[in-house]
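Tertiary structure, described
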Amino acid sequence: MSKAYLVLSDGTVYEGVSFGAPVSSIGELVFTTGMVGYIETLTDPSYAGQIVLQTFPLIGNYGIIEDDFEGKSHIRGYVVREWCDAPSNFRSQYDVDKFLKDRGIPGICGVDTRAITRKVREQGVMGAMICSEIPADLTPIQTYAVSGVVDEVTRAAKSVYPSMGEFTRHVVLVDYGAKRYIARELQRRGCAVTAVPAKTSAEEILALKPDGVMLSNGPGDPAENVYCIEQIRKLLGRVPVFGICLGHQLTALATGARTEKMKYGHRGANQPVRELNGSRTFITSQNHGYAVASDSVKQGVVSFANANDGTCEGIDYPDLNAFTVQFHPEAHSGPRDTSFLFDRFMSMMGGDR
């Protein structure tokens, strides 16, 4: 193994060891706190344009299992304290190093991930570069911004997924970077799922005669997606709608609310969320760097709030037959406290589990 460097936009340099693809890459540096689920992290399209740092110190001990992929990998780099080159798991197909090499993604290990996480928490997410030589000019790192990534991660054409078991309802899934297990949760409830590209028009979606529309997760700044927001505006009130993560943010923008970039976001499987019209707190899986500003919500009612920082985690739109959440109720791999929200969606569509 050879030397590698993680260079931050403020000029800080961390020396480590290269693994994965022997290439240089610039991205937005973010951290995720999950103790397990690195396979899902590596294949979550919502990380497009980002260099991902794992706070848990050992990554790769159960190998890579392709059946657990959430989608294609769009990360720009991977930062870990230690990666396991000899995974032990009867399902393992190969190791993390091969995963990264096969996809042209650089990794760096042997760095103080705790110190780097502290810096990001104090200063916020920032541009970073994984490289074999420290660049003299930091301008490309300092000016880097995640942009246009929904177009990068969405599917190119419509796909149809049959129901598992007896057919109950037909759902159109708008793919802004959808995790695979969103469709699977619907299929398990008897839904046939038609997944469509992000820029499918409202008219095309309604022409498919869905019983409901699912707005998926995805990467980047939600406010960039002007066309998608306009299509959601046309759908609301005409068909039951359930939005997750980016789908939640886009729906809020479509109803006149605003979104804000967070200092370092919520990424991990341990985010506590309070139910505002009840007494429960749920542990949720999350991956986002933007949040809906609660004080800007006029048309809907904020239904969930983050127990750590109070940010908006869900909105109900009773007049529009819609609801959205910032967290991931499908949560594979992660807590399943909120999977009941899929059952709520089924009820909205007139179908029971």
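Reading guide: rules and limits
- Residues numbered from 1 in each chain as written.
- Predicted model: local features only at pLDDT ≥ 70, side-chain atom pairs only at ≥ 80, totals over all residues.
- Heavy atoms only, no water.
- Helix = DSSP H or I, 4+ residues; strand = E, 2+ residues; numbered from the N terminus.
- Rg over C-alpha atoms; globule rule 2.2 N^0.38 Å.
- Contact = heavy atoms within 4.5 Å.
- Areas by Shrake-Rupley, 256 points an atom, 1.4 Å probe, with all protein chains shown as cover.
- Salt bridge = Lys/Arg side-chain N within 4 Å of Asp/Glu carboxyl O.
- Buried < 20%, exposed > 50% of the residue type's maximum accessible area, 1.4 Å probe, protein only.
- Pairing = 2+ DSSP bridges.
- Axes fitted to C-alpha atoms, helices over the stretch in contact; angles between N-to-C directions.
- Core = buried A, V, L, I, M, F, W, Y, C linked by side-chain atoms within 4.5 Å.
- Parallel < 35°, antiparallel > 145°, perpendicular 65-115°, else oblique.
- Nonpolar A, V, L, I, M, F, W, Y, C, P; charged D, E, K, R; others polar.

Here the focus is the overall build of the protein. Helix and strand counts for the protein stand at ten helices and 19 strands. Taking 2.2 N^0.38 as the reference for a compact globule, 353 residues should give roughly 20 Å; the C-alpha atoms of the protein span a radius of gyration of 20 Å, in line with that estimate. Along the three orthogonal principal directions, the C-alpha set of the protein runs to about 60 × 45 × 40 Å. Residue pairs at least 24 apart in sequence account for 74% of intrachain contacts in the protein once pairs closer than 6 positions are excluded. For the protein, the exposed surface amounts to about 14200 Å²; the carbon and sulfur share of it is 48%.

Right, let's talk about the pattern of salt bridges for a bit. All chains considered together, the criterion is met by 18 salt bridges. Between R91 and D68 there is a salt bridge, and its shortest N-O distance comes to 3.1 Å. One end of the pair, R91, is in the loop between β7 (82-83) and α2 (96-102); the other, D68, is in the loop between β5 (58-59) and β6 (77-79), with 23 residues separating them in the sequence. The exposure class of R91 is partly exposed, given its relative accessible area of 34%. We classify D68 as buried; its relative accessible area is 10%. In this structure, the salt-bridge partner of E185 is R189, at a minimum N-O distance of 2.7 Å. The exposure class of E185 is buried, given its relative accessible area of 2%. The class for R189 is buried, based on a relative accessible area of 4%.

The pairing of strands in a sheet happens through backbone hydrogen bonds and is either parallel or antiparallel. The seven strands are arranged β1-β2-β8-β6-β4-β3-β9 in a closed barrel whose pairing can be described as mixed. Going from strand to strand, the sheet's axes swing by 35° on average, the running direction of each strand aside. Of the strand pairs in this sheet, strand β2 (residues 13-20) and strand β8 (residues 106-109) are connected by four bridges, and their pairing is antiparallel. Residue pairing in the sheet places V17 in a bridge with C109 of β8.

The next subject is the sheet that holds strand β16 (residues 281-292). One open sheet holds the ten strands; their spatial order is β10-β12-β11-β13-β14-β19-β18-β17-β15-β16, and the pairing between them is mixed. Each having just a single partner strand, β10 (159-161) and β16 make up the two edges of the open sheet. Adjacent strand axes in the sheet meet at a mean angle of 20° when their direction is disregarded. In this structure, strand β13 (residues 212-215) lies alongside strand β14 (residues 241-244), joined through three bridges in parallel fashion.

With that out of the way, let us pick up the nonpolar core. Of all hydrophobic cores here, the largest spans 39 residues; its most connected members are L6, L29, Y38, I64, Y78 and V79. For L6, the residues in contact, after removing those within four places along its chain, are T12, V13, Y14, L29, V79, I108, I116, A128, M129 and I130. In terms of nonpolar packing, the next biggest core, distinct from the first, is built from 30 residues, V174, I229, L235 and I315 among them.

A few words on the side chain of H328. Looking at the secondary structure, you find H328 in the loop between β19 (322-325) and α10 (340-348). A relative accessible area of 1% means that H328 is categorised as buried. Here H328 is in contact with K179, N217, I244, C245, S285, Q286, N287 and T338, once residues within four sequence places are set aside.

Moving on: the packing of helix α8 (residues 226-235) against helix α9 (residues 246-254). Contact geometry for α8 and α9: axes closest at 8 Å, N-to-C directions at 75°. For the element pair α8 / α9, the angle class is roughly perpendicular. Seen from α8, the contacting residues are C228, I229, I232 and R233; seen from α9, they are L250, T251, L253 and A254. Among the residues making up the contact of α8 with α9, the classes are represented as six nonpolar, one polar and one charged.

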